[in-house]
Amino acid sequence: MQRLLEFIGHHPYLASGAVLAAVAVAFYEIRERVQAFAALTSMQAVRLMNQGALVIDLRGKESYDAGHIGDARNVPAAELESRADSLKKWRDKNVITYCDSGVSGASGARALTKLGFTKVFNLHGGLNAWVKDNLPLAKTSPGGKGSSK
């Protein structure tokens, strides 16, 4: 231990670099575990959607109108718990949540699970992964109806 302290004293930049690298790795791993809660790939989500899964977009109204997944319902993350009663018929059916990057989607999936939903999934990587896989988006026109892109 004495030699370690001596080494740190002689090489403060090297020691602080090692500590920063360890913190960065820990942060990355924690973030990946948070996003991986009940995660689905885009292709797995498409399969569930073809079987009749409910898709919930947790982004704001403006982002939803700019582009969303097919028949997704817009329920902003902040309103999810208060609007859960309107989704109660889906408690025992497949539900997929997503946001832009997957972080809020995972939080939304956890919140729905706590509210009694049994088959809740999160789109891993969110809408960014969906677009990266070249899957279609729908846009909401000013009249309120969606159109495919």
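Residues numbered from 1 in each chain as written. Predicted model: local features only at pLDDT ≥ 70, side-chain atom pairs only at ≥ 80, totals over all residues. Heavy atoms only, no water.

1. Some remarks on helix 5 (residues 103-114)
End to end, helix 5 covers 17 Å across 12 residues, agreeing with the expected 16 Å (1.5 Å per residue, within 8%). Residues of helix 5 that are buried include every one of Gly-105, Ala-106, Gly-108, Ala-109, Ala-111 and Leu-112, and no others. (Helix = DSSP H or I, 4+ residues; strand = E, 2+ residues; numbered from the N terminus. Expected span 1.5 Å × (residues − 1). Buried < 20%, exposed > 50% of the residue type's maximum accessible area, 1.4 Å probe, protein only.)

2. Let's talk about the confidence of the model for the protein
For the protein, per-residue confidence averages 88 on the pLDDT scale, and 94% of positions sit at 70 or higher. When pLDDT is averaged over each helix and strand of the protein, the minimum, 48, is found for strand 7 (residues 146-148) and the maximum, 95, for strand 2 (residues 54-57). (pLDDT = per-residue confidence, 0-100.)

3. Looking at a nonpolar patch on the surface
Taken together, the side chains of Met-1, Leu-4, Leu-5, Phe-7, Ile-8 and Leu-14 define a hydrophobic patch exposed on the protein surface, amounting to about 630 Å² of accessible area. Ranked by residue count, the leading element in the nonpolar patch is helix 1 (residues 2-10), at four residues. Checked against the element boundaries, Ile-8 lands in helix 1. (Patch = residues over 30% accessible without salt bridge, like charges linked within 9 Å, V, L, I, M, F, W, Y side chains within 5 Å. Areas by Shrake-Rupley, 256 points an atom, 1.4 Å probe, with all protein chains shown as cover. Salt bridge = Lys/Arg side-chain N within 4 Å of Asp/Glu carboxyl O.)

4. A few points about the packing of aromatic side chains
Under the defined criterion, the tally for this structure stands at zero aromatic pairs. Above the plane of the ring of Trp-90 lies Lys-93, whose end atom (NZ or CZ) is 5.5 Å from the centre. (Phe/Tyr/Trp six-rings, centres within 6.5 Å; stacked < 30°, edge-to-face > 60°. Lys NZ or Arg CZ within 6 Å of the ring centre and 35° of its normal.)

5. Thoughts on the pattern of salt bridges
Within this structure, the stated rule accounts for four salt bridges. The shortest N-O distance in the salt bridge between Arg-59 and Asp-57 comes to 2.8 Å. There is no split in this pair, since Arg-59 and Asp-57 are both buried. Between Arg-59 and Asp-100 there is a salt bridge, with the nearest N and O atoms lying 3.3 Å from each other. Of this pair, Arg-59 sits in the loop between strand 2 and helix 4 (61-66) while Asp-100 is found in the loop between strand 4 (94-98) and helix 5, placing the two residues 41 residues apart along the sequence. Exposure remark for Asp-100: the relative accessible area of 36% places this residue in the partly exposed category. Where salt bridges share partners, they join Asp-57, Arg-59 and Asp-100 into one cluster.

6. Quick notes on the sheet that holds strand 3 (residues 73-74)
Across the sheet, which stays open at both edges, the five strands sit in the order 1-5-4-2-3 with parallel pairing between neighbours. Looking along the sheet, the strands with just one partner apiece sit at the ends: strand 1 (39-40) and strand 3. Here strand 2 pairs with strand 3 via two bridges, running parallel. Bridge assignment links Asp-57 to a residue of strand 3, and that residue is Asn-74. Helix-sheet contacts for helix 5 involve strand 2, strand 4 and strand 5 (119-123), and the interaxial angle to strand 5 is about 175°. (Pairing = 2+ DSSP bridges. Contact = heavy atoms within 4.5 Å. Axes fitted to C-alpha atoms, helices over the stretch in contact; angles between N-to-C directions.)

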